[in-house]
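# Chain and residue survey
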There are 4 protein chains.
Amino acid sequence: MCPPVAERQVEGYPAPGTLDDVLGFELLEANGERCRARCAAERRVQQPMGLVHGGTYAALAEAMVSWATVAAVGPGGNFAVGQSNHTTFLRPVTSGHVNGEGTPRHRGRTTWVWDVEFTDDEGRLCAISRVTLAVRPAQAA
Amino acid sequence: MCPPVAERQVEGYPAPGTLDDVLGFELLEANGERCRARCAAERRVQQPMGLVHGGTYAALAEAMVSWATVAAVGPGGNFAVGQSNHTTFLRPVTSGHVNGEGTPRHRGRTTWVWDVEFTDDEGRLCAISRVTLAVRPAQAA
Amino acid sequence: MCPPVAERQVEGYPAPGTLDDVLGFELLEANGERCRARCAAERRVQQPMGLVHGGTYAALAEAMVSWATVAAVGPGGNFAVGQSNHTTFLRPVTSGHVNGEGTPRHRGRTTWVWDVEFTDDEGRLCAISRVTLAVRPAQAA
Amino acid sequence: MCPPVAERQVEGYPAPGTLDDVLGFELLEANGERCRARCAAERRVQQPMGLVHGGTYAALAEAMVSWATVAAVGPGGNFAVGQSNHTTFLRPVTSGHVNGEGTPRHRGRTTWVWDVEFTDDEGRLCAISRVTLAVRPAQAA
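The following paragraphs examine the structure supplied in this document. As the structure is a prediction and not an experimental result, all values here were calculated from the model. (Residues numbered from 1 in each chain as written. Chains lettered and ligands numbered in written order. Predicted model: local features only at pLDDT ≥ 70, side-chain atom pairs only at ≥ 80, totals over all residues.)

## Some thoughts on the pairing of strand 6 (residues 125-137) of chain B
All names here are of chain B. The buried fraction of strand 6 is high, at 10 of 13 residues. Two elements, strand 3 (residues 78-89) and strand 6, share 11 bridges in a ladder whose sense is antiparallel. If you follow Asn85 over to strand 6, its bridge partner there is Val131. Inspection of the sheet shows strand 5 (residues 111-119) paired to strand 6 by 9 bridges, in the antiparallel sense. (Buried ≥ 20, exposed ≤ 12 C-beta atoms within 10 Å, placed from the backbone. Helix = DSSP H or I, 4+ residues; strand = E, 2+ residues; numbered from the N terminus. Pairing = 2+ DSSP bridges.)

Written as structure tokens, this is what we have:
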């Protein structure tokens, strides 16, 4: 479940100083068919009790599917912007990594919907996100 | 809408080094009747385009209602843990603050539900979150 | 909380034979500022245990905000279609009415978001729905 | 995708006169591993424009996963009650059937989470639901 250490990240990710960078997110794959990302369960992504913060899952889901959708629709002159993020927390993570894998459920002309599954390093399902993005012509953005 | 600079934060918040600290969250009020928090729209809470990251709203909502619920149910020997966070993005924020105010919609024996509204410094609604927490006896946590 | 018996329904509602008609929905007000609807907690809207079916709240929310949005955007040559319906169940209803009141949270050019609150005849909050609709030019629909 | 006509329904379903009966829901399989249900896209499950009503998907999802969860947890002395239903609409259905298949994503001691996919008779994905149920000791219900 844990991607090998040597795995290359998506080029240009993360933008320095942004949330993804500050929280240590790693983007491993991002295209219109799939996206994968992870982060280490370090203190900077935890809440006070030492559990990975609920916002970490939501933020990681948002980041990875946004990056993937923009990669897919950008060449056609479109842009994508998050519209809704519904994250359900199933099992706490306190160490190792949070590993996310996203699958597109709908790739429409104006809307994309992704499902993201988060697992711990033992492959146990820890959280799931359903994220909707609006797709718009780039000049309108 | 923007809380005055001198407003005091909730004592003990944030826990040093945790996500709330790293992202610069400020918790202004947290009890069973209401919670308020904010963060500056700095680069550390943005995505690459300079907009406040969708995950920022979700994380801030999660943090503030968790803190408020624990404050309310803790004295009765209970604990609260996030179960679901559904955040809807309405309007981008690029500067100033994201100001959140949470209102409990349900305070049950086993479940609490909060609505959080996020406004920019001009008072415009920018995002809304609906967060569900499970309440459990503290010894079970 | 229970609208008076003599209150007039919105004209033309419900379309005969459709779900709203079959389940006995009543639409009391539907415009871009607000919508109100209700249904009697009869067996036709219940699940086997005699509680109002979770789907009843979701369907009533969907119906009332769709009707209200179409009423508001139609004159401008637009159409509205449901995109997402998130209903949270707070308290069972077994008799009297389910009374819904909807408030628009966002009225954008391409998206509307409504919150609906459902109360029983004693005014207790029983369910809440957050519904997103896509607004599109009528000729595209 | 369309279950063969001769397929047997789950015994005892639907309870006469309830919503599931009135809307013509058919429950084809309901256990802790999976559930399947469908309904014909008749006028009684439509909105005025002839599309299957958004509430139909939500209600069918709610019904099938509730039945399945109760079937799974009942023998252990537990009961299940709907907590949250988030349904996303992807593609309109105007004829044939709405065919639902549910998969449990989490089967916890106090909470179950299901994903339901709805397809038309050509197998195209039309709607998806994420439903959370609370599991409680039957004597408490």
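Moving on, there is more to tell.
## Some thoughts on the interface of chain C and chain D
Accessible area lost during the coming together of the parts is what is often quoted as the interface size. Contact with chain C, which involves 29 residues of that partner, is made by 28 residues of chain D. Looking at the side of chain C that touches chain D, the elements that each hand over two or more residues are helix 1 (19-22), helix 2 (54-73) and strand 3 (78-89) of chain C. (Contact = placed C-beta atoms within 7 Å.)

## Some remarks on the sheet that holds strand 1 (residues 26-30) of chain C
Spatially, 1(C)-2(C)-4(C)-5(C)-6(C)-3(C)-3(D)-6(D)-5(D)-4(D)-2(D)-1(D) is the arrangement adopted by the 12 strands of the open sheet, whose pairing is antiparallel. In this open sheet, the two edge strands, each paired with only one partner strand, are strand 1 of chain C together with strand 1 (26-31) of chain D. Neighbouring strand axes in the sheet, compared pairwise and without regard to direction, differ in orientation by 20° on average. Bridging between strand 4 (residues 97-107) of chain D and strand 5 (residues 111-119) of chain D involves 8 bridges; their strand directions are antiparallel. Counterpart to D:Gly102 in the pairing with strand 5 of chain D is D:Val116. (Axes fitted to C-alpha atoms, helices over the stretch in contact; angles between N-to-C directions.)

## Brief notes about the sheet that holds strand 6 of chain B
Sheets are built from strands that pair by backbone hydrogen bonding, the pairs being arranged parallel or antiparallel. An order of 1(A)-2(A)-4(A)-5(A)-6(A)-3(A)-3(B)-6(B)-5(B)-4(B)-2(B)-1(B) is seen for the 12 strands of this open sheet, with the pairing classed as antiparallel. Edge positions in the sheet fall to strand 1 (26-31) of chain A together with strand 1 (26-31) of chain B, since each has one partner strand and no second. Neighbour-to-neighbour, the strand axes of the sheet open up by a mean angle of 20°, direction not taken into account. Note: strand 1 of chain B against strand 2 (residues 34-40) of chain B, 5 bridges, orientation antiparallel. Counted as the bridge partner of B:Glu26 is B:Arg38 from strand 2 of chain B. The sheet strands contacting helix 2 (residues 54-73) of chain A are strand 1, strand 2 (34-40), strand 3 (78-89), strand 4 (97-107), strand 5 (111-119) and strand 6 (125-137) of chain A together with strand 3 of chain B, and the helix crosses strand 3 of chain A at an angle near 150°. Across the sheet, helix 2 (residues 54-73) of chain B lies against strand 3 of chain A together with strand 1, strand 2, strand 3, strand 4 (97-107), strand 5 and strand 6 of chain B, angled at about 150° from strand 3 of chain B, the strand it touches most.

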